[in-house]
Amino acid sequence: MSHDRTAAARDLPANALVHKVNTIIAQANAIILGKEPQIRLGLVCLITGGHLLIEDIPGVGKTTLAQTLARLLGLSYQRIQFTSDLLPADIIGASIYEQQNSGFRFHPGPIFAQLILADEVNRATPKAQSALLEAMEERQVTVDGVTRPLPQPFFVIATQNPLHQVGTFPLPESQLDRFLMRLELGYPDERAEHDLLQGRDRRELLRDLQPVLSAHELLALRETALQVHVSEALLQYLQALVRHTRESPRYETGLSPRAAIALKHAAQAQALLMGHAGVVPEDLQTVLPGVVGHRLRTRSGRESAAPAAVAQQLLEAVPIP
Amino acid sequence: MNSALPLNLETRMERLRLSWALVALGIMVLPQALHLAPWVIAVALLIALWRLAAAYRGWPLFNRYLRLGLGLAAFLGVYLTYRTLNGPEAGTALLILLATLKLMEAKGLRDYFLLLVIALFIGIANFLYDQTIPLALYMVPAVWLATAALLNVAHPDVTRPPMAAMKTAAKLLLPALPVAVVLFLLFPRVPGPLWGIGLPQHSGVTGLSTHMAPGSISELAASDAIAFRVKFSGGAPPPAQLYWRALVLHDYDGRSWSIGDVPWAGHAQLISRGMPVRYEVTLEPNDLRVLYTLDLPVEIPADARLTADHEVIVPQMVTERKRYSVVSYTDSNYGAGASAWMRDRDLLLPQRIDPHARALAQQWKAAAESPQQIVQDALRMFHDQPFSYTLQPGKLTGRNQIDQFLFDTRRGFCEHYAGAFVFLMRAAGVPAHVVIGYQGGTRNPLDGYYSVRQEDAHAWAEVWLADRGWVRVDPTAAVDPARVDEGLAAALPASEVPGYLFRAHPWLGEIRNTWDAANNGWNQWVLAYGPALQQRFYARLGLQYGNWLQLALVLLLLIGGLLALVWLVLIWRHRPPRSPAVDRQYRRFCQRLARRGLARKPYEGPFDYAERVGRSRPEWHAQVRAITSLYAALRYSGTGNPQEFSRLVAAFHP
């Protein structure tokens, strides 16, 4: 979907911001080779204001992608490595007694940052997971009866190993739903891998990155995305897709209204990045696999069909009105 | 108390299924509850209640051995009650008992489907007992509900409102209705009534019997049940001639008149005058071997035979509604040449009873010059002396009931007058007998049928006169001519009139007429729809009866046509909304490309499509891209110039 659509583009007031995003994409592309669609979708997710789940086997660059995005977006950044002995307090923080003050003082945990990289979330116990997921949902944490808001913007990029690996606690469906998108990276293609092997260490490259976008600009982008025109025709298409998941016997459960809203917002952000004045079906089709992949389960009972295949089937089953 | 804990889905599902199965079974069993042995219903109810308690209060379910034991006990109990396991009553009783036992082990969709199908089957069995309009009307919502139950039992969402299934069930059943009608009308019928499996369903019919005692006909006057319906082809005779003959009673035992023991075979010569009356009778079951005909029948149905008394006798008791055609002459006599022994039989009287009546008869005989005059004497007595026609004659007691009636009470209904008259005639040496049947009938203005009800039951007399044969004499008419001319209601004192309400309020009468006509239509056209009517219907459609190939084709066409109609309605309802001009033009653009082998896939976005087209035919790329961009702007951004788009599309000719 990299073709030129300048004819449809209008003079958006946010053109400069979009340009910056394209810079980010270019820079990230130089580090994570051959993964432009995923990088774009990751950015769409963050612009939409949703949390991102990256799922794949170890060693394909999940963490690198998360770190790259964090660096380029210029957000305050914390990384939490999830392990089986991680406690909620290790994420949220705790009130600790201080002798000199003769009182408890709250020591904020790593969650108090604008961008959290939650590495390998499914290695922690459900208790620790739910501490993170609650914070994601509420955008605030409550410790000892005191509610503390989290910084704005607040993003979580979580990475996770595929579920069949040993020593993991798979996230329940209800918690998967908290992530706006789930992405898979997959193996790099032949040429990308060649470049990767020939090039410098990725970590060094990362260190050289400079923030391109500020937190403020990111919030402005989000506002702009929400202004992108969504036509009646597109809403019909969106509803037809959602209805299909609810009526077709292929799926165990249909998409929720929350998922439908997520689809709309993500498509708006995608349209913004593509320079479209209104959301076109392709925008929706581009974001759909990431948004619905972890929300739809096919009924076939087989160890679930690949999410990408599920999404493709859905798209091909519903004609554009 | 139900705990407040949220129930797991499985439990809720099973409860929902159980409830629906119980609803469906209940509604289907209800109409026949009274026809079955009370213990069957009681046991079924107990088991069902236990099952409910098991679901909601945690009572234990019956284990396998108990179920087996109860199942065997059900077989035994049904056998002991009905002396068979076969037949409609025993069969449904067993089915109901086993279905409730099945509730005890039902689990999962398959079992509940089975139970609901059994419920529907029990519903069909209802028609074995009763084929009236009310039951048919009851079964409509019952089948609807059972279909909804099938849907609800299968639906995975326990929180779905039950009424949603009612709507779906209606949508499913309505298209099935015309198919059912077509099959009903055209599918070949087997001879015999559709539901006739020989149930003893008409025991306790109120109506005439083979004997007559004081009170036996006045009892019938309280019943407005239909005895038979008549359709005259051509004009109907005047009311005073509507004497519907049933049986002739010869023997008197001092209290009641009966048909006697000697079978009366042979044919007595008939003298008729005037025009024949042709009519068709639809007789309700009367538990007799008699068909009612207008006095006197000449042409009778093939399976019936005429006795010397001009009774119409059939070989089998009439236990099901029967339709037959008759030709009668209302002005006729028979038996002019009756043999002496036949006449003498109608002179017999019990010894040593009713001395006063005998004395009176002897007195008339001595004074009279002819038997006609004796008849006139008797009628004059009934007319001149203070006899009254009433439904409440008081009870006659003792040995000399005729005396008591003639000289003491003087209050009576038609059986009193007919009986006393015949007694007097015999005592005076005039051969006479009692005839019972019906007199009159009301024409229903809605369908032109005459209804003769049990309240029209009547008794009259026939006397034998040498030159004329048997002549009808109705002593009741002498007492109260209105009975014969205007019907029972006009003759009786107002307070005694049966069905008084209907006569006092014309609108009630109208409702009764309508209901009556509906019932009659139902009988004539639905229940009686057998091979004969079907053959006529085929003929009217121009079909050959018995040509199965033709029938199969017609059925295929009709049902196929109906299904096609349903299909068209569905298509019409799901048609895409009328597209605006921009969409139509874009579709035209796509069609043009499709003719060039580049059809747009239905799920393909416009830009993706343009890209694909551009890759395979670069020479069109610029044009296609311009059209696509403008289309996207018009359709998805609400901007752009439609006229320009129209021009671009019109100019594009790949």
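Residues numbered from 1 in each chain as written. Chains lettered and ligands numbered in written order. Predicted model: local features only at pLDDT ≥ 70, side-chain atom pairs only at ≥ 80, totals over all residues. Heavy atoms only, no water.

## Considering the packing of aromatic side chains
Residue and element names in this part refer to chain B.
- Under the defined criterion, the tally for this structure stands at 29 aromatic pairs over all chains.
- Note on F382 and Y417: the rings are 5.4 Å apart at their centroids and 85° apart in plane angle, and the pair reads as edge-to-face. One end of the pair, F382, is in helix α11 (residues 371-384); the other, Y417, is in helix α13 (residues 414-427), and 35 residues separate them in sequence. Side by side, F382 and Y417 carry an identical accessibility label, which is buried.
- Ring plane angle 35° and centroid distance 5.6 Å describe the contact between Y586 and F589, whose orientation is recorded as tilted. Taken together, the residues Y586 and F589, both in helix α21 (residues 581-595) and three residues apart, mark about one turn of the helix. (Phe/Tyr/Trp six-rings, centres within 6.5 Å; stacked < 30°, edge-to-face > 60°. Helix = DSSP H or I, 4+ residues; strand = E, 2+ residues; numbered from the N terminus. Buried < 20%, exposed > 50% of the residue type's maximum accessible area, 1.4 Å probe, protein only.)

## A look at empty space enclosed by the protein
All names here are of chain B.
- For the coordinates displayed, the defined rule picks out two cavities of 30 Å³ or more.
- Its boundaries defined by the atoms lining it, the largest cavity holds a volume of some 110 Å³.
- Along its surface, the largest cavity is lined by 14 residues, and P214, Y252, I402, E415 and H416 are the ones closest to its centre.
- The set of elements that each furnish at least two residues to the lining of the largest cavity consists of α12 (401-409) and α13.
- Here the lining of the largest cavity takes four residues from α13, the largest share from any one element.
- Looking at side-chain class alone, the lining of the largest cavity contains nine nonpolar, three polar and two charged residues. (1 Å grid on protein atoms, 1.4 Å probe; cavity = no way out; pocket = protein on both sides within 12 Å on 5 of 7 lines; lining within 4 Å. Points joined across faces, edges and corners; volume = space filled by probe spheres on them. Nonpolar A, V, L, I, M, F, W, Y, C, P; charged D, E, K, R; others polar.)

## Quick notes on the domain arrangement of chain A
Residues and elements named next belong to chain A.
- Per the domain assignment, the segments of chain A are domain 1 (6-227) and domain 2 (229-321).
- Spacing between the C-alpha centres of domain 1 and domain 2 amounts to 23 Å.
- On the side of domain 2, 23 residues touch domain 1, which itself brings 26 residues to the contact.
- Buried surface at the junction of domain 1 and domain 2, summed over both partners, amounts to about 2200 Å²; 60% is from carbon and sulfur atoms.
- For the pair domain 1 and domain 2, the interface holds two salt bridges. (Domains from an automatic or database assignment. Contact = heavy atoms within 4.5 Å. Buried area = accessible area lost by both parts, 1.4 Å probe. Salt bridge = Lys/Arg side-chain N within 4 Å of Asp/Glu carboxyl O.)

## Focus on the packing of helix α7 (residues 162-186) of chain B against helix α19 (residues 531-541) of chain B
Residue and element names in this part refer to chain B.
- Viewed as axis vectors pointing N to C, α7 and α19 meet at an angle of 105°, and their least axial separation amounts to 9 Å. It follows from the interaxial angle that α7 and α19 lie roughly perpendicular. Contacts between α7 and α19 pair F184, L185 and L186 from the former with Q534, F537, Y538 and L541 from the latter.
- Classifying every residue of the contact of α7 with α19 gives six nonpolar, one polar and no charged. (Axes fitted to C-alpha atoms, helices over the stretch in contact; angles between N-to-C directions. Parallel < 35°, antiparallel > 145°, perpendicular 65-115°, else oblique.)

## Concerning the pattern of salt bridges
All names here are of chain A.
- Within the structure shown, the criterion is met by 30 salt bridges over all chains.
- The salt bridge partner of R40 is E36, with a shortest N-O separation of 3.0 Å. Separated by four residues within a single helix, R40 and E36 lie in helix α2 (residues 36-48), roughly one turn from each other.
- By relative accessible area, which is 28% here, E36 ends up partly exposed.
- The salt bridge involving E184 is made with R182; its shortest N-O contact spans 3.7 Å.

## Side note on unusual backbone geometry
- Going from Q152 of chain A to P153 of chain A, the amide bond is cis rather than trans, its omega being -15°.
- On the secondary structure map, P153 of chain A appears in the loop between β7 (146-149) and β8 (155-160).
- Across the junction of D295 of chain B and L296 of chain B, the peptide omega takes the value -10°, indicating a cis bond.
- Within the secondary structure, L296 of chain B is located in the loop between β9 (293-294) and β10 (297-299).
- The phi torsion at R139 of chain A lies on the positive side, around 60°, for a residue other than glycine.
- Mapped onto the elements, R139 of chain A comes out in the loop between α5 (126-138) and β6 (140-143).
- Assessed through its relative accessible area of 30%, R139 of chain A is described here as partly exposed.

## Brief notes about the confidence of the model for chain A
- Confidence in the prediction for chain A averages 82 pLDDT; 93% of positions are at 70 or higher.
- For residues 1-12 of chain A, every residue scores under 50 in pLDDT, and the model assigns this stretch 25 contacts once sequence neighbours within four places are set aside. (pLDDT = per-residue confidence, 0-100.)

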